[in-house]
Each structure stands twice: as C-alpha cells, then as structure tokens.
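Examination of the molecular architecture
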Amino acid sequence: MRVLVTGGAGFIGTNLVRRLLSEGHYVICVDNLITGKKENIEDLLDKENFVFFEQDINEPTDYGDVDWIFHLASIGSVYHYLNHPVETLKTGGIGTINMLEYAKEKNARILFSSTSEVYGDPEVHPQNEDYRGNVSSIGPRSCYDESKRYAEALMMAYHRKYNVDTRIARIFNTYGPYMDPDDRRVLPNFISQGLKGEPMTIYGDGSQTRSYCYVDDTVEGLMRLMETDYHLPVNIGNPEEYTILETAEIVCEVMGIEKNFVFMPLPEDDPMRRRPDITRAKEILGWEPGVKFRDGLKETIKWFQKRLQ
Ligand SMILES: NC(=O)c1ccc[n+]([C@@H]2O[C@H](COP(=O)([O-])OP(=O)(O)OC[C@H]3O[C@@H](n4cnc5c(N)ncnc54)[C@H](O)[C@@H]3O)[C@@H](O)[C@H]2O)c1
C-alpha cells in the first residue's frame, strides 16, 4: 500500500509510521512540525519506502497516488492547543477538507483520528459511541473539541454525499514512546517531573479519572479499523480507569521514587470522568488493549530517560 500519514512526526503518528514500514508499506509522512519533532523520524529519512513532506495540510498539496490516508494531523496536547486555538480549528476544518478532497480524487480510504474530547465532560459513564457529548462551544477547550466534532461531520458528509471510504477512530488518552516530554499531558508531566526530581503537579484534588492506552494497542486498533468497512465512530481506548492521584502514585511506584505532589487549581472545562466503552471495538475489530498499565509505563519511562539525556 502507499499510505499517507498526516501528523506523522507526532507521537501516535511516529509509532504508526514505524508499524506501517515494518509491514512493508510505502509511507508518505506529512507534518508541519507545529508540535511534532523531526528527530522522531530522523532515522527513517534515508529509507527507500519512506518520504517526508514538511508541509501544512491546510495548503492543498500533491503527494502522488495513495491507497490509504491516516489523517492524524492536529494539535494533540491541551497545553499546545490552548496556545494555538485558531491553527487547531483550521487544521480540523480546512486541513480535513483538504484530506477528504485528496481521498476523493485518489479514490483512497481515509481514517480520521477523532478523540474522546467529543464527549466533553460526559454525563454518561462509561462513554459509548452513541453518546452525543457535553461540550462547551465557547470554552477554552472548544477549539479542539469542536474542531474534532466538525471534522467528524465532514467525514460523514463526504461519505454520504461522495461515497468516500471513511473511518472515524475516537481515541482516548494514549501514552508511550515518542511522546513529547514537555507537552504537559498527564503522564509526560508526571514522568518528566519524577525524572527531574521535581514534585508532580496534580490539578484539583486528583479525584478526576482518566484511562490510559499504550500506544502499540492504539496503533493496532487504528490498523484494524482501517481494514474494516465500518464508517461510524469506534472508541479506541483502555477501559481501566484511574484517578489522577492514583496515576501519580503508580508512576512513583514504577519509577521507584518517593511520592512528592503539589496541588494546583483545576483548569476550566477539565472533564471529571473518562472511560471508554469498547464493546463496539471488540465486536467489529476483535480488538481490546493488551498492554498492562505498569508494563507500558516501564517502556515509556525508559524512553523518556533516553530522550531527556
Ligand atoms: N495522544 C492522545 O492521547 C490522543 C487522544 C485522542 C486523540 N488523539 C488524536 O490523535 C492524533 C495524534 O495525536 P498525538 O498525540 O500524536 O499528537 P501530536 O501533537 O504529537 O501529533 C500531531 C501532529 O500533527 C502535526 N500537525 C498539526 N497541525 C498540522 C497541520 N496543519 N499540518 C501538518 N501537520 C500538522 C503536529 O506537528 C504533530 O506532529 C491527533 O489528531 C490527536 O487529536 C490523540
């Protein structure tokens, strides 16, 4: 297959690109490096079956013929999208239209990486794909949440109107190697602070929950979804749920360090509970996460140690 990966120098993109290359696909990686890092893919640049375009997907571009498009480009971390709200909305809107037009022109299959943030601060728990969400259209996080909801609407519109072969993955918190240690997401924050001997920052009282999926599991879910013919959204995430406080305690335990926490006020719109219902993924993809949290953390910490050196 000739596979286009937008956002391919970002965290999940880098892991996906490596998986695709290991299966012998030809990979066209596109990234404007707004949050991604060239060093993530540096070792791939001289491979015969890999090409990198440093390019903003909001500009229509000719990438040659493609069979599959994994459309991952977006600003994934809260810290960065709050600093780049307009770019985030443009990429979800204009960038997604450009990729859908490209898929239509090339007759390619396209998978969009949506997010659990489309559920906002959910009133149902756990969240299944039929839940329509509780999202503020004007809050600070709306630039991300609404860009994803709009992009999902675009995917469905292109599918219904032009029969574009679309897939929608609603990804929940994912972690693992190639995460940016400085991007202020929960686990990178805790691990970086732990490695530097700093106290771990907990927002609120730490009773809000998250669930964490190891990136190899997420990538497996994306690959399986791409290979089905299912057009409606599918949750990809790990249903094991931890409070933020428990998360920090487990990170300390796996790192073998003393607990040392500092508490800060909870940011506006921070969701209180998050846990995917993955019944659909199990039924349609035969997928469920396999990597245990402590095992995934060990791999992630090793990688962070290398990167921070
Ligand atoms: N990591 C998670 O926990 C998670 C959870 C839910 C959804 N997602 C989604 O999965 C995708 C990948 O997330 P990630 O964690 O790897 O984030 P990331 O920020 O590490 O990667 C996204 C990549 O997209 C690139 N990009 C952004 N705007 C672009 C543009 N206009 N043109 C070209 N490239 C652009 C960035 O430079 C970056 O390399 C994103 O769409 C994100 O919204 C991730």
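The present account deals with the structure reproduced in this document. (Residues numbered from 1 in each chain as written. Predicted model: local features only at pLDDT ≥ 70, side-chain atom pairs only at ≥ 80, totals over all residues. Heavy atoms only, no water.)

Some thoughts on the site of the ligand
Of all residues adjacent to the ligand, which total 30 residues, the nearest are Ile-12, Asp-31, Thr-35, Leu-72 and Tyr-144. Ser-74 is positioned with one of its backbone polar atoms (N or O) 3.3 Å from an oxygen atom of the ligand. Burial of the ligand by the protein chains amounts to 96% of its free accessible area of 820 Å². At the level of secondary structure, the elements contributing two or more residues to the shell around the ligand comprise helix H1 (11–22), strand E5 (109–115) and helix H4 (142–162). (Near = heavy atom within 4 Å. Polar contact = N/O pair within 3.5 Å; in protein donor to acceptor, adjacent residues only side chain to side chain. Areas by Shrake-Rupley, 256 points an atom, 1.4 Å probe, with all protein chains shown as cover. Helix = DSSP H or I, 4+ residues; strand = E, 2+ residues; numbered from the N terminus.)

Overview of the packing of aromatic side chains
For the structure shown, the criterion picks out 14 aromatic pairs. Centre to centre, the rings of Phe-53 and Tyr-63 are 5.2 Å apart; their planes meet at 85°, and the pair counts as edge-to-face. Separated by ten residues along the polypeptide, Phe-53 in strand E3 (residues 50–54) and Tyr-63 in the loop between E3 and strand E4 (68–71) bring together distant segments of the chain. We classify Phe-53 as partly exposed; its relative accessible area is 25%. With relative accessibility at 6%, the residue Tyr-63 sits in the buried group. Residues Tyr-81 and Tyr-144 carry aromatic rings whose centres are separated by 4.3 Å and whose planes lie at 5° to one another, so their mutual orientation is stacked. Of this pair, Tyr-81 sits in helix H2 (residues 78–83) while Tyr-144 is found in helix H4, placing the two residues 63 residues apart along the sequence. (Phe/Tyr/Trp six-rings, centres within 6.5 Å; stacked < 30°, edge-to-face > 60°. Buried < 20%, exposed > 50% of the residue type's maximum accessible area, 1.4 Å probe, protein only.)

Examining the pairing of E4
Of the two faces of E4, the one lined by Trp-68 and Phe-70 and the one lined by Ile-69 and His-71 are each fully buried. Bridge count between strand E1 (residues 2–6) and E4: four bridges; the pairing is parallel. The residue of E4 that forms the bridge with Leu-4 is Ile-69. Two elements, E4 and E5, share four bridges in a ladder whose sense is parallel. Residue Ile-69 lies in a different strand from E5, and its bridge partner there is Ile-110. (Pairing = 2+ DSSP bridges.)

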